[in-house]
Amino acid sequence: MNQTHKPKLVISTGAGMSAESGISTFRDSGGLWEQHNVMDVASADGFARNPELVHRFYNARRHDLVKAQPNAGHRAIVDLEKDFDVYVITQNVDDLHERAGSSHVTHLHGELMKVRTIDPPYRVYALSPDNLDTTPESRDADGRLLRPHIVFFQEAVPEIETAIEIVREADIFVVIGTSMAVYPAASLINFVRPGVPVYYIDPRPAPTPAGVKVIAKTASEGLAELSRELRSILSQPPL
Ligand code: OAD
């Protein structure tokens, strides 16, 4: 195999990717949006109305995250880097892809372990595991107010253009663990070039366009199956 020209494998992940790490999904039974009003805790209006509640919501998410570990699915994606040029585009705000060792991760909806200044020009700061809590009074060293580095509903998704460019260059596109309910993330599949194989791993898959190969399994089980299939395709001699 020519290792200098690895096929570009683009993997788009949602909350289901981290479910086996013990992180709650949003729309499954018992998920976060059953316990919290999304427009109160994750929208621009909600943050303007009650920033205290929003800070508390993300503080709790951070405390859950630092106790969690990457799962076998995250590790399988890293392992695929041996044979593929792997790019992860994630709706997840956790850092489990990075902690597993993925080299290229684009976060569409922000990052839980970071905060940013409220007023532009935005400055982004990483939080340390021993300093997870923020409040509406949190400020940087220059006295500028801070907020979670999360893309709230009603806000633009700055990384979408980068993500679209990555998807346009995919040789193989894989979607994992998302209900495909949130745009523009759910529209990424529309930018795959004609003829590119598309896989979707999810135990309760949403309806998908014709031609998508659905693997109705969890992220770790589905990735084990997909890795075998992709590697067997790679080992076949070219036509
Ligand atoms: P959802 O909660 O909407 O969907 C989770 C998906 O994961 C569902 O399709 C489940 O069937 C699937 N799932 C559950 N367990 C799984 C497992 N073990 N392995 C694989 N899949 C599993 O989460 P998202 O689609 O990621 O945005 O939600 C998208 C966005 O909505 C989130 O990024 C968040 C939320 O509101 C913001 O907060 C901005």
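Look above for the structure.
Being a predicted model, the structure only gives us computed values, none of them experimental.

Caption draft 1: Structural view of the overall build of the chain. A tally of helices and strands in the chain yields nine helices and nine strands. Its C-alpha radius of gyration of 19 Å places the chain within 12% of the 18 Å reference for a compact globule of 239 residues. Here the C-alpha coordinates of the chain stretch approximately 65 × 40 × 30 Å along the principal axes. Going through the 239 residues of the chain one by one, you find that 47% of them count as buried. For the chain, the proportion of contacts with a sequence separation of at least 24, taken over those separated by at least 6, is 64%. When the accessible surface of the chain is split by element, carbon and sulfur atoms take 53% of a total near 11900 Å². In the chain, the 24 positive side-chain charges and the 31 negative ones have mean positions that sit 1 Å from each other.

Caption draft 2: Looking closely at the side chain of Asp83. With respect to the helices and strands, Asp83 occurs in the loop between α6 (72-79) and β2 (85-90). On the basis of relative accessible area, Asp83 is assigned to the buried category, the value being 13%. Within the local environment of Asp83, its side chain forms a polar contact with the side chain of Arg231, the two groups lying 2.5 Å apart.

Caption draft 3: Examining the sheet that holds strand β5 (residues 124-126) more closely. A sheet is described by the order of its strands in space; here three strands give the open sequence β5-β4-β6, paired in antiparallel fashion. Two strands in the sheet have a free side with no partner beyond their single neighbour: β5 and β6 (146-150). Pairwise comparison of adjacent strand axes, ignoring direction, gives a mean angle of 45° for this sheet. In the packing of helix α5 (residues 51-67) onto the sheet, the strands contacted are β4 (110-117) and β6, and the crossing angle to β4 comes to about 135°.

Caption draft 4: Just the packing of aromatic side chains, in detail. Enumeration according to the criterion identifies five aromatic pairs in this entry. Taking 4.9 Å as the distance between ring centres and 85° as the angle between the ring planes, the aromatic pair formed by Phe57 and Tyr58 counts as edge-to-face. Neither residue differs from the other here; Phe57 and Tyr58 are each classed as buried. One aromatic cluster is present, formed by Phe26, Trp33, Phe47, Phe57, Tyr58 and Phe152 through successive ring pairs. Cation over ring: Lys8 sits above Tyr87, and NZ or CZ is 4.2 Å from the ring centre. Sitting over the face of the ring of Phe57, Arg61 holds its NZ or CZ atom 4.6 Å from the ring centroid.

Caption draft 5: How the structure looks around the packing of α6 against helix α9 (residues 219-235). Two elements in contact, α6 and α9, have axes separated by 8 Å at closest approach and are oriented at 20°. Relative to α9, the element α6 lies roughly parallel. Along this stretch, α6 crosses α9, giving a crossing that reads as left-handed. Residues Ala72, Gly73, Ala76, Ile77 and Asp79 of α6 form the contact with α9, whose participating residues are Ala219, Ser220, Leu223 and Arg231. Residue classes in the contact of α6 with α9 are distributed as five nonpolar, two polar and two charged.

Caption draft 6: The arrangement of the sheet that holds strand β7 (residues 172-176) in detail. With respect to topology, six strands assemble into an open sheet ordered β3-β2-β1-β7-β8-β9, the strand pairing being parallel. The open sheet has two edge strands, β3 (105-107) and β9 (213-215), and neither has a second partner. Across the sheet, the axes of successive neighbouring strands diverge by a mean angle of 20°, strand direction being ignored. On the sheet, helix α8 (residues 160-168) packs against β1 (8-13), β2, β3 and β7 and is oriented at approximately 145° with respect to β2.

Cut-offs used in this document
- Residues numbered from 1 in each chain as written.
- Predicted model: local features only at pLDDT ≥ 70, side-chain atom pairs only at ≥ 80, totals over all residues.
- Heavy atoms only, no water.
- Helix = DSSP H or I, 4+ residues; strand = E, 2+ residues; numbered from the N terminus.
- Rg over C-alpha atoms; globule rule 2.2 N^0.38 Å.
- Buried < 20%, exposed > 50% of the residue type's maximum accessible area, 1.4 Å probe, protein only.
- Contact = heavy atoms within 4.5 Å.
- Areas by Shrake-Rupley, 256 points an atom, 1.4 Å probe, with all protein chains shown as cover.
- Lys, Arg positive; Asp, Glu negative; His and termini not counted.
- Charge placed at Lys NZ, Arg CZ, Asp CG, Glu CD.
- Polar contact = N/O pair within 3.5 Å; in protein donor to acceptor, adjacent residues only side chain to side chain.
- Pairing = 2+ DSSP bridges.
- Axes fitted to C-alpha atoms, helices over the stretch in contact; angles between N-to-C directions.
- Phe/Tyr/Trp six-rings, centres within 6.5 Å; stacked < 30°, edge-to-face > 60°.
- Lys NZ or Arg CZ within 6 Å of the ring centre and 35° of its normal.
- Parallel < 35°, antiparallel > 145°, perpendicular 65-115°, else oblique.
- Left-handed = near helix turned anticlockwise from the far one by under 90°.
- Nonpolar A, V, L, I, M, F, W, Y, C, P; charged D, E, K, R; others polar.

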